[in-house]
Amino acid sequence: MEDIKTLLAKMTLEEKASLCCGGGFWNTRELPHLGIPALTLTDGPHGVRKQSGAADHLGLNESDKTTCFPTAAGMAASWNRELLYKVGAAIGEECQAEDVQIVLGPGANIKRSPLCGRNFEYFSEDPYLSAQLAAKHIQGAQSQGVGASLKHFAANNQETRRFNIDVVIDERTLREIYLASFEGAVVDAQPWTVMCAYNKINGEFCSQNRKLLTEILREEWGFAGFVVSDWFAVSERDKGLAAGLDLEMPTSAGIGKEAIVSAVKSGGLSEAALDKAVERILSVISKAVDGKKASAACDKAAHHALAREAARESMVLLKNEGGVLPLAKKGGIAVIGPFAKTPRFQGAGSSHINATRVDIPYDELEKAAEGAALMYAEGYALNGEADAALLEEAKKIAASADVCVIFAGLPDKDDSEGKDRVSLRLPENQNALIAEIAKVHKSVAVVLMNGSAVETPWAGDVKGILEAYLGGQAMAGALAEILFGDCNPSGKLAETFPQTLHDTPCFINFPGDSKRVEYREGLFVGYRYYDKTGVKPLFPFGHGLSYTTFEYSDLRLDKSEMMDTEELRVSLTVKNTGKRAGKEIVQLYVRYPAASVIRPVKELKGFEKVDLAPGEEKQVEFTLGKRAFAFYDTDINGWRVESGDFEILIGKSSAETVLSALVHVTSTTTVKKRYTLDSTIADIRDEPAAAQLVQTLSGSLGAGQELGLDLDALFSSIKIRSLVAMSQFKSGGKGAVTIEQLNGLIAAMNG
Ligand code: BGC
């Protein structure tokens, strides 16, 4: 391809406009006489959905056979950056083999409610974890010479009315939670493209949102790629372009192009803005041309093995009373539930992969069982209807087994793009089956297959619960390894499992009304809410068990005092104190109890996964910079640290912090207070210039204690302008404060 500036100079207005609008369903416009090839973009995020035949954005028509890796919900439970990179790289290789230049993923939207139908495609309720994992996925994919598309930017946290819902959100929450999840990924990994979301934020469609697409994404975060619309997200193409939306997808049959051309001709849109968009698109096309690997092929068997490795780390052992797991490789095992034979391993919608092969849990269990005898019962009907005969048969088989493993989960339609769930419950026939089997057998373990948190009313009645998520095409083998203890589970929850839907932070404001959804829970998403309110979740964020045990000790900070411009190094020792090799996810949270603004009790700012042989110990290290201590200050439109003592907490989960240490951080941002006549006594009390006045006036307020009044509190909240009248009244005019004196004082305090 020719140099971008040269190409741009040769292009007509129409050609430039046409490059900014899709050429087809999955490709950009090709301009052969200029030597500009088309880019092919396909879904994402956990595999490549290349449709060689009929195209659609809802996962309806068949796509080429590619590897289906675990969905993001499971991948996130691995907390394993390196694994995310490897899977991203494998997806990148498959893109090369399929002649795809941009893969549409990963998704970094925050799990605001467990009801969101697309939660299986997203990583976490926590922005730090989500951003870290998204960055690795992007780096992996892009290491193969193809681009990723980080989506859906931003605040696309529900499927209900996803095309036009207006997300009403305050700036701090937007910055600290919803944007932070994208910010880290953009800054660390520079995705070639970012996909804007369908919804509006505070009244403006994301596709036409200049603040989002230009001021924040490019000017603040330094994003250098192009912004692509979500499929059919564009309303007014010219306004979108002016806001920073470079590419409209898919084709809009000439409408978008016309809108751009006539806006430029009428002066409504500057040609310079169009040129910038074209340059950004051309520079990605040029990277794709350079990155193209001729006759690339990929090793599908190796990718299946990688999908299995990923699935192993994506499963979370939620409960294991009396060591019901791992299963012994002897005796009788009742395997109950149709998901053992027709597993759920991915969700529905645009992310749907036509897998190269799908392993079956029951078959894999049989292969791994050695001396154990498996017995199967269906137990419940997949259509959700109660079926007494199936239940009876399962009870009979359970009675003759040493241990029962029940496969349960959500139906396909509940992990689906385009639709949110209305309840967190499993189908009632599954709940009934589990409760009934638990009544007749003391050793019951439940394997869950779902893309987002579910209620488990029977959690107290069963001994074991293994969350297998939607673990991709090779999930079954990994599951058998974990159930039989050939592999030690090492996943931890990247989302809270609540006791009930009513306990969730946005219960009252999800999914909003016919026009808008208000994020009234603010910063208190996920564990930030449970921490603050003391509401006990079923399983907390960060929770996950192992077949071995770990001990944490020797927490050290490399300094006890620092400026917010410095870095803090934190280290500790983790030891495997059990008899099996295992991996532990160490979590670092920062807490600042003395904040002058409302802040979460603690926030995740670091994590590491360590692999330990029995008896082995390793040092784990973290480095914390300014952002680990800061909040987004809307008064200065920036991140600010308040000076004070911060606690560094090391946790096995968000609910179990085991070590802590203090560091004093000194802020380098001075925020000048501005006083007015409407400031209160409390506001000015600590100002030296006001000391005399405050002392005289508070001294003159003598009586009242006997009435049970807290005079100090009453006095402190008075606006200083009232002092003029009040002092007249008190002193009968003698020595009263004048408005001139107060204005003088304010001027002195404001410097
Ligand atoms: C989805 C995107 C997807 C696109 C193309 C849209 O409906 O929201 O995530 O990448 O379709 O299939």
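All values derive from a computational prediction rather than experimental measurement.

## Regarding the site of the ligand
Stage number 1. Lining the immediate surroundings of the ligand are 15 residues, of which D43, R118, H152, D230 and E417 lie closest.
Stage number 2. Between the ligand and the protein, one listed contact pairs an oxygen atom with a side-chain N or O atom of K151 at 2.9 Å.
Stage number 3. In the environment of the ligand, an oxygen atom lies 3.2 Å from a nitrogen or oxygen atom belonging to the side chain of R162.
Stage number 4. Considered on its own, the ligand offers 310 Å² of accessible surface; in the complex 100% of this is hidden by protein.
Stage number 5. Along the lines of polarity and charge, the residues of the shell around the ligand split into 5 nonpolar, 3 polar and 7 charged.

## Some words on the sheet that holds strand β18 (residues 550-557)
Stage number 1. Strands sit in the order β18-β20-β23 across an open sheet of 3 strands; the sheet is antiparallel. With one partner strand each, in any of the chains shown, β18 and β23 (617-624) form the two edges of the open sheet. Put simply, the sheet's adjacent strands are angled 20° from each other on average, direction ignored.
Stage number 2. Of the pairings in the sheet, the one linking β18 to strand β20 (residues 568-576) comprises 6 bridges and is antiparallel in character. Within β20, the residue paired with S553 across the bridge is T573.

## Let's talk about the pairing of strand β22 (residues 603-612)
Stage number 1. When you tally the buried positions in β22, you get 8 out of 10 residues, the bulk of the element.
Stage number 2. For strand β21 (residues 582-591) and β22, the ladder comprises 9 bridges, and the chain directions are antiparallel. Note that in β22 the partner of K583 across the bridge is D611.

## Details of unusual backbone geometry
Stage number 1. At the junction of D43 and G44, the peptide bond is cis and its omega measures out at 5° in the coordinates.
Stage number 2. The topology assignment puts G44 in the loop between β1 (41-43) and β2 (65-66).
Stage number 3. Cis geometry is found at the peptide bond from G105 to P106, where omega equals 5°.
Stage number 4. Within the secondary structure layout, P106 lies in the loop between β3 (102-104) and α5 (127-142).
Stage number 5. Despite not being glycine, E370 has its phi angle at roughly 50°, a positive value.
Stage number 6. Within the element layout of this structure, E370 appears in the loop between α12 (361-368) and β13 (373-377).

## As for the sheet that holds strand β4 (residues 147-153)
Stage number 1. The sheet built from 5 strands is open, its strands ordered β1-β3-β4-β6-β9 with parallel pairing. The open sheet terminates on both sides in strands that have one partner only, identified here as β1 and β9 (226-229). Sheet twist, expressed as the mean angle between neighbouring strand axes with direction ignored, is 30°.
Stage number 2. The sheet contact formed by β1 and β3 spans 3 bridges and is parallel. Paired with D43 across the strands is L104, a residue of β3.
Stage number 3. Contacting β4 and β6 (193-196), helix α6 (residues 171-189) crosses the sheet at an angle of about 165° to β4.

## Focus on helix α21 (residues 739-749)
Stage number 1. Every buried residue of α21 is accounted for by L742, L745, I746 and M749. Summarising the axial view, the buried residues of α21 lie within an arc of 100°, below the 170-degree limit, and thus occupy one face.
Stage number 2. After α21 finishes, the residue G751 shows a positive phi value of roughly 70°.

## Quick look at the domain arrangement of the protein chain
Stage number 1. Along its sequence, the protein chain is carved into domain 1 (40-50 + 72-291), domain 2 (316-488), domain 3 (550-666) and domain 4 (681-749).
Stage number 2. For domain 1 versus domain 2, the distance between C-alpha centres works out to 35 Å.
Stage number 3. Between domain 1 and domain 2, the residue contacts involve 23 residues of the former and 23 residues of the latter.
Stage number 4. Between domain 1 and domain 2 the total buried area reaches about 1,700 Å² when both faces are included, carbon and sulfur atoms providing 55% of it.
Stage number 5. The largest contributions to the domain 1 side of the interface with domain 2 come from P114, L115 and F120, which together make up 34% of the buried area.
Stage number 6. Inspection of the region where domain 1 meets domain 2 yields 2 salt bridges.
Stage number 7. Note that E417 and R162 form a salt bridge whose closest N and O atoms lie 3.0 Å from each other.
Stage number 8. Summed over the shared surface of domain 1 and domain 2, the result is 14 residue pairs in polar contact (both at pLDDT 80 or more).
Stage number 9. Ranked by residue count, the leading element in the side of domain 1 that touches domain 2 is helix α3 (residues 72-78), at 3 residues.

## Examining the environment of C95
Stage number 1. Inspection of the secondary structure assignment puts C95 in helix α4 (residues 81-98).
Stage number 2. With a relative accessible area of 0%, C95 lands in the buried category.
Stage number 3. Separated by 29 residues in the primary sequence, C95 and T66 have C-alpha atoms spaced 9.5 Å apart.
Stage number 4. Ignoring any residue separated from it by four or fewer positions in sequence, one finds C95 in contact with V48, V100, V103 and V146.

## Digging into the pairing of β4
Stage number 1. Across the 7 residues that make up β4, a large majority, 7, are buried.
Stage number 2. By the bridge criterion, 2 bridges tie β3 to β4 in an arrangement that is parallel. Counted as the bridge partner of I102 is G147 from β4.
Stage number 3. Once you follow β3 into α5 and on to β4, the crossover reads as right-handed.
Stage number 4. When β4 meets β6, the two strands line up parallel, connected through 3 bridges. Opposite L150, over in β6, you have V194 as the bridge partner.

## Description of the packing of α5 against α6
Stage number 1. Running from N to C, α5 and α6 cross one another at 30°; their axes reach a closest spacing of 8 Å. Compared by their axis directions, α5 and α6 come out roughly parallel. For the pair α5 and α6, the sense of crossing is right-handed. Residues P127, S130, A131, Q132, A134, A135, I138, Q139 and Q142 of α5 form the contact with α6, whose own contacting residues are E176, I177, A180, S181, G184, A185, D188 and A189.
Stage number 2. When its residues are assigned to classes, the contact of α5 with α6 shows 9 nonpolar, 6 polar and 2 charged.

## Here's the deal with the pattern of salt bridges
Stage number 1. In this structure the tally under the stated criterion is 58 salt bridges.
Stage number 2. When the shortest N-O distance is used, the salt bridge between R49 and D43 registers 2.9 Å. The two residues R49 and D43 agree in class, both being buried.
Stage number 3. Here E159 and R162 are joined by a salt bridge, their closest N and O atoms 3.6 Å apart. The same class applies to E159 and to R162, which are both buried.
Stage number 4. Because the salt bridges share partners, they merge into one network encompassing R118, E121, E159, R162 and E417.

The rules behind these values
Residues numbered from 1 in each chain as written. Predicted model: local features only at pLDDT ≥ 70, side-chain atom pairs only at ≥ 80, totals over all residues. Heavy atoms only, no water. Near = heavy atom within 4 Å. Polar contact = N/O pair within 3.5 Å; in protein donor to acceptor, adjacent residues only side chain to side chain. Areas by Shrake-Rupley, 256 points an atom, 1.4 Å probe, with all protein chains shown as cover. Nonpolar A, V, L, I, M, F, W, Y, C, P; charged D, E, K, R; others polar. Pairing = 2+ DSSP bridges. Helix = DSSP H or I, 4+ residues; strand = E, 2+ residues; numbered from the N terminus. Axes fitted to C-alpha atoms, helices over the stretch in contact; angles between N-to-C directions. Buried < 20%, exposed > 50% of the residue type's maximum accessible area, 1.4 Å probe, protein only. Contact = heavy atoms within 4.5 Å. Arc of directions from axis to C-beta. Domains from an automatic or database assignment. Buried area = accessible area lost by both parts, 1.4 Å probe. Salt bridge = Lys/Arg side-chain N within 4 Å of Asp/Glu carboxyl O. Right-handed = clockwise from strand over helix to strand, strands pointing away. Parallel < 35°, antiparallel > 145°, perpendicular 65-115°, else oblique. Left-handed = near helix turned anticlockwise from the far one by under 90°.

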